[in-house]
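Residue-level listing of the chains:
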Amino acid sequence: SETKKCPIEHSQFYNNQFKGVIQQIKDEGRYREFKSLLRTNGEFPRAINKTPTGDQPITLWCSNDYLGMSQNPMVTQATKNAIDLTGIGAGGTRNIGGTSIYHVELERELADLHRKDSALVMNSGYVANMATLDTLGKVLKDVTFLSDAKNHASLIEGMRATKRDRLIFKHNDYQDLEQKLKQLDIQQNKVIVFESVYSMNGTVAPIQQFINLAKKYNALTLIDEVHAVGMYGERGAGVTEKLGLQKDIDIVTGTLGKAFGCSGGYVSANSEIVDAVRSTASNFIFSTSMSPIIAAACLESVKYLKSHPEIRERHQYVASLIKAKLKSKGIPALNSASHIVPVFIGDPLLCKEASEKLLNEYNIYIQPINYPTVPRGQEILRISPTPLHTEEMIDELVNSIECVFKSLNLKLESQYTAEQ
Ligand code: PMP
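Sequence order as written defines residue numbering, which begins from 1 separately in each chain. Where totals are concerned, whole chains, interfaces and linings use all residues; where local detail is concerned, this predicted model gives features only for residues with pLDDT of at least 70, and gives and counts side-chain atom pairs only at 80 or more.

Considering the sheet that holds strand S1 (residues 37-38)
Then, number 1: Spatial strand order, S1-S2-S3-S12: four strands in an open sheet with mixed pairing. Taken across any chain shown, the strands that pair with only one partner, and hence form the sheet edges, are S1 and strand S12 (364-365).
Then, number 2: By definition, two strands form a pair when at least two bridges between them are found by DSSP. Where helices and strands are cited, they refer to DSSP runs of H or I of at least four residues and of E of at least two residues respectively, numbered from the N terminus. Of the strand pairs in this sheet, strand S3 (residues 54-60) and S12 are connected by two bridges, and their pairing is parallel. Across the sheet, residue threonine 59 finds its bridge partner in S12, namely isoleucine 364.

This is the structure in C-alpha cells:
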C-alpha cells in the first residue's frame, strides 16, 4: 500500500515542545546547571570544580554527605573488600538471585537501628517512599492519607500514584491535623505521612503530638527520617530515637545516600508491613537490587555511626556555630531546630547570582535552591554543615556571605520564618 508522507516535520514538532519548557525555566532564572566535581578521597569538604578553563579548588557547603561518611576509611575499605569478594553487580531482582549476604545483613542492622522487626533495602530513598506508599494504597482498603504540606516529592508522588484520598494539613500543625482526622470515621483506614527534619527549611515535626493523634483517631504513622538518620539519637536512628519514640512510630523510611554517605534507601516496620511491601510493591519487585558493594558500604557506615556519637555532637556544634555567626552579622538565616541552615534570598535571579559570586569570587559552593524545590519567592542558599568543616572554613563562609549580601544589596534581617 502507498505510504503517505507526514505533512509535519516530525523531530521539529516534538523538539519545539521540549525547547519551549526549557526556555520557560531559563526565563524564570531556575535553569539547573550541574557542576562537574572531583571529590578527592580524604579531602572532603574540599573538592575540585572541573571547569572548561581549569581546576578550581572549592569548599563544599551544600553537600548531603552530612557527616563525610562517603570518604570514611572504614567504609571505603569495606567497599574494597566486598568488590574483591563478589564483583560489582547484584545479578538480578531480589527474588531472582539478587539478594546477597550484604543485603541480608544490612537489613538486619537497619531493623535493629530502628528497633523494629524488619527492614527492606531499596535503590533509593525515593523508591523506598514510593514502594511503601504503593503497598499501603493496595493493602489498606479505601485508605486516606493525611499529608504534611511540606512533604517531599517522593512522598507526594507515592501517595498520588495510589489514587487514594489525600488530606493535606498545614506544615507541622497538629491542630490542623486533628481537624482533618475528626472528619474521618474511626473505622476507616488512615495514614499520617510526615518527615522528621524538613530538608529545605530545617524545621522538625512535632512527632509526639502526631503520635498522640494517631492513637486517638486510629491512624498509622509513616515518618520519613531521610534528613535525620545517622545524625540524631544515641545510635543515629533519627529524631524518633532522640525523643524516645521509636516504638510508637509504625513505619520509618530512610536513605543511605545522605548521612550514611553511600546510596540507597529503606523502609523499617513490623514484619507484617515489611513483608507486604516486599511482596506487593512493583517498583521494589521488578527492579535489579542495589549493588552488593553498595550494600557492604552501607552496612559498615550504619554500624560505624551507631557507635560514634561524637560525630553527631560535632555536627550539631558546627551547625549552631554557623547559625550564631550568621545571626551576628544580620544575615537572614533561619534559626532552625536542625542541622540545616537556610539563608533566605527570596528571588530566583538574585539567588543564582549570590551562588555564582560565592563560587567565582570566594571558591565556596552553595547551590541555589529554587522552585519547585521551594515555593516561588522563597529561594534560599541552603547551607549544610558537616563535622569536617573547620572553624577557619566557617569564618571564611560567613565573611564571604556577608560580602556577597553587601555587593548585591540583599536585605539583611529578612522576615523569613519557619511558618512561611
Ligand atoms: N525523602 C526526603 C525528605 C528527601 O529529601 C529525599 C531526597 N532529597 C528523599 C526522600 C529521597 O531520598 P534519596 O535521595 O535516597 O532518593
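Topic: the confidence of the model for the protein
Interpretation of the predicted coordinates at a detailed level should be avoided for regions scoring low in pLDDT.
Then, number 1: Overall, the prediction assigns the protein a mean pLDDT of 95, with 98% of residues at 70 or greater.
Then, number 2: Think of pLDDT as the predictor's per-residue confidence, scored from 0 to 100. Averaged over each element, pLDDT in the protein is lowest for strand S13 (residues 368-369) (92) and highest for strand S10 (residues 265-269) (99).
Then, number 3: Within the model, pLDDT remains below 50 along residues 414-420, and this stretch shows 11 contacts once partners closer than five positions in the same chain are excluded.
Then, number 4: What the predictor reports for the complex is a pTM of 0.95 with an ipTM of 0.99. In this description, any two residues whose backbone-derived C-beta atoms lie within 7 Å of each other are considered to be in contact.

Observations concerning the site of the ligand
Then, number 1: Contacts to the ligand come from 14 residues, most closely from Ser124, Gly125, Tyr126, His152 and Thr255.
Then, number 2: Top element by residues in the shell around the ligand is helix H4 (residues 125-139). It accounts for three residues.
Then, number 3: Of the residues in the shell around the ligand, the class split is two nonpolar, 10 polar and two charged. Contact assignment follows one rule, namely that a residue is near a molecule or strand if its backbone-placed C-beta atom lies within 6 Å of it. Residue polarity follows a fixed list, in which Ala, Val, Leu, Ile, Met, Phe, Trp, Tyr, Cys and Pro are nonpolar, Asp, Glu, Lys and Arg are charged, and the others, Gly among them, are polar.

Focus on the packing of H4 against helix H9 (residues 271-280)
Then, number 1: Comment: axis = line fitted to C-alpha atoms, over the contacting stretch for helices; angle = value between 0 and 180 degrees taken between N-to-C directions. Running from amino to carboxyl end, H4 crosses H9 at an angle of 95°, the nearest separation of the two axes being 9 Å. One way to sum up the angle between H4 and H9 is to call them roughly perpendicular. In contact with Ala131, Thr132, Thr135, Lys138 and Val139 of H4, H9 contributes Ala276, Val277 and Thr280.
Then, number 2: When its residues are assigned to classes, the contact of H4 with H9 shows four nonpolar, three polar and one charged. Angle categories: roughly parallel below 35 degrees, roughly antiparallel above 145, roughly perpendicular from 65 to 115, and oblique for all the rest.

Focus on the domain arrangement of the protein
Note on interface size: it is often stated as the accessible area lost on association of the parts.
Then, number 1: Domain segmentation is taken from an automatic or database assignment of domains. In terms of domain boundaries, the protein breaks down into domain 1 (40-69 + 310-337 + 382-420) and domain 2 (72-306).
Then, number 2: Computed from C-alpha coordinates alone, the two centres of domain 1 and domain 2 are separated by 28 Å.
Then, number 3: Domain 1 puts 15 residues into the contact, and the matching count from domain 2 is 18 residues.
Then, number 4: Of all the elements, helix H12 (residues 309-328) adds the most residues to the side of domain 1 that touches domain 2, at three residues.
Then, number 5: Partitioning the side of domain 1 that touches domain 2 into residue classes produces seven nonpolar, five polar and three charged.

Some details on the sheet that holds strand S9 (residues 251-255)
Then, number 1: Pairing is mixed in the open sheet, where seven strands are placed in the order S4-S10-S9-S8-S7-S5-S6. Only two strands of the sheet have a single neighbouring strand rather than two, namely strand S4 (118-122) and strand S6 (165-169). Sheet twist, expressed as the average angle between the axes of neighbouring strands with direction ignored, equals 20°.
Then, number 2: Here strand S7 (residues 190-195) pairs with strand S8 (residues 220-224) via five bridges, running parallel. Looking across to S8, one finds that glutamate 195 is bridged to aspartate 224.
Then, number 3: Packing of helix H5 (residues 153-162) onto the sheet brings it into contact with strand S5 (144-148), S6, S7 and S8, and relative to S5 it is tilted by some 160°.

So, the environment of asparagine 212
Then, number 1: When you line up the elements, asparagine 212 lands in helix H7 (residues 207-216).
Then, number 2: Taking the C-alpha atoms as reference points, asparagine 212 and alanine 82, 130 residues apart in sequence, are found 44 Å from one another.

A short note on the nonpolar core
Then, number 1: Core analysis: the biggest nonpolar cluster contains 81 residues, and Ile192, Val193, Phe210, Tyr266, Val267, Ala295 and Cys298 have the highest contact counts within it.
Then, number 2: When residues in this core are grouped by element, the largest group, 10 residues, is from helix H11 (residues 292-306).
Then, number 3: Mapped onto the domain boundaries, this core takes at least three residues apiece from domain 1 (40-69 + 310-337 + 382-420) and domain 2 (72-306).
Then, number 4: Other than its neighbours up to four places away in sequence, phenylalanine 210 contacts Tyr174, Leu177, Ile192, Phe194, Ala205 and Thr221.
Then, number 5: By definition, a nonpolar core groups buried Ala, Val, Leu, Ile, Met, Phe, Trp, Tyr and Cys residues that are joined through C-beta atoms within 7 Å. Here a residue counts as buried when 20 or more other C-beta atoms fall within 10 Å of its C-beta, as exposed when 12 or fewer do, and as partly exposed in between; the C-beta atoms come from the backbone. Membership of the second largest hydrophobic core comes to 32 residues, among which are Leu358, Ile364, Ile369 and Ile380.

Considerations on the UniProt feature "domain: Aminotransferase class I/classII large" (unreviewed entry) in the protein
Then, number 1: UniProt positions are given in the numbering used here, feature names are shortened, and annotations may be inferred rather than shown by experiment. UniProt marks residues 58-401 with the feature "domain: Aminotransferase class I/classII large" (unreviewed entry), using the numbering shown here.
Then, number 2: Annotated as 44% helix and 15% strand, the span residues 58-401 places its first and last C-alpha atoms 15 Å apart.

As for H11
Then, number 1: Under the 1.5 Å per step criterion, the end-to-end length of H11 is 21 Å for 15 residues, consistent within 8% with the ideal 21 Å.
Then, number 2: Judged by how many residues are buried, H11 sits mostly within the fold: 13 of 15 residues are covered. Here the expected span of a helix is defined as 1.5 Å times the quantity of residues minus one.

Describing H7
Then, number 1: Those residues of H7 not exposed but buried are Ile207, Phe210, Ile211, Leu213 and Ala214. Taken down its axis, H7 places every buried residue within 165° of arc, on the same side. Exposed residues lying more than 90 degrees from the buried face of H7 are Lys215 and Lys216.
Then, number 2: Where the residues of H7 are buried, they touch helix H6 (174-182), S7, S8 and helix H8 (239-242).
Then, number 3: Of the residues one or two after H7, asparagine 218 is the one with positive phi, at around 60°. This arc corresponds to the set of directions leading from the helix axis out to the C-beta atoms.

A short note on the packing of H12 against helix H14 (residues 391-407)
Then, number 1: Running from amino to carboxyl end, H12 crosses H14 at an angle of 30°, the nearest separation of the two axes being 10 Å. Viewed along their axes, H12 and H14 adopt a mutual orientation that is roughly parallel. For H12 against H14, the interelement crossing comes out right-handed. Facing H12, whose interface residues are Val318, Leu321, Ile322, Lys325 and Leu326, H14 presents Ile394, Val398 and Ile401.
Then, number 2: Grouping the amino acids of the contact of H12 with H14 by side-chain chemistry returns seven nonpolar, no polar and one charged. Less than a right angle of anticlockwise turn of the near helix away from the far helix marks a crossing as left-handed, whereas a clockwise turn marks it as right-handed.

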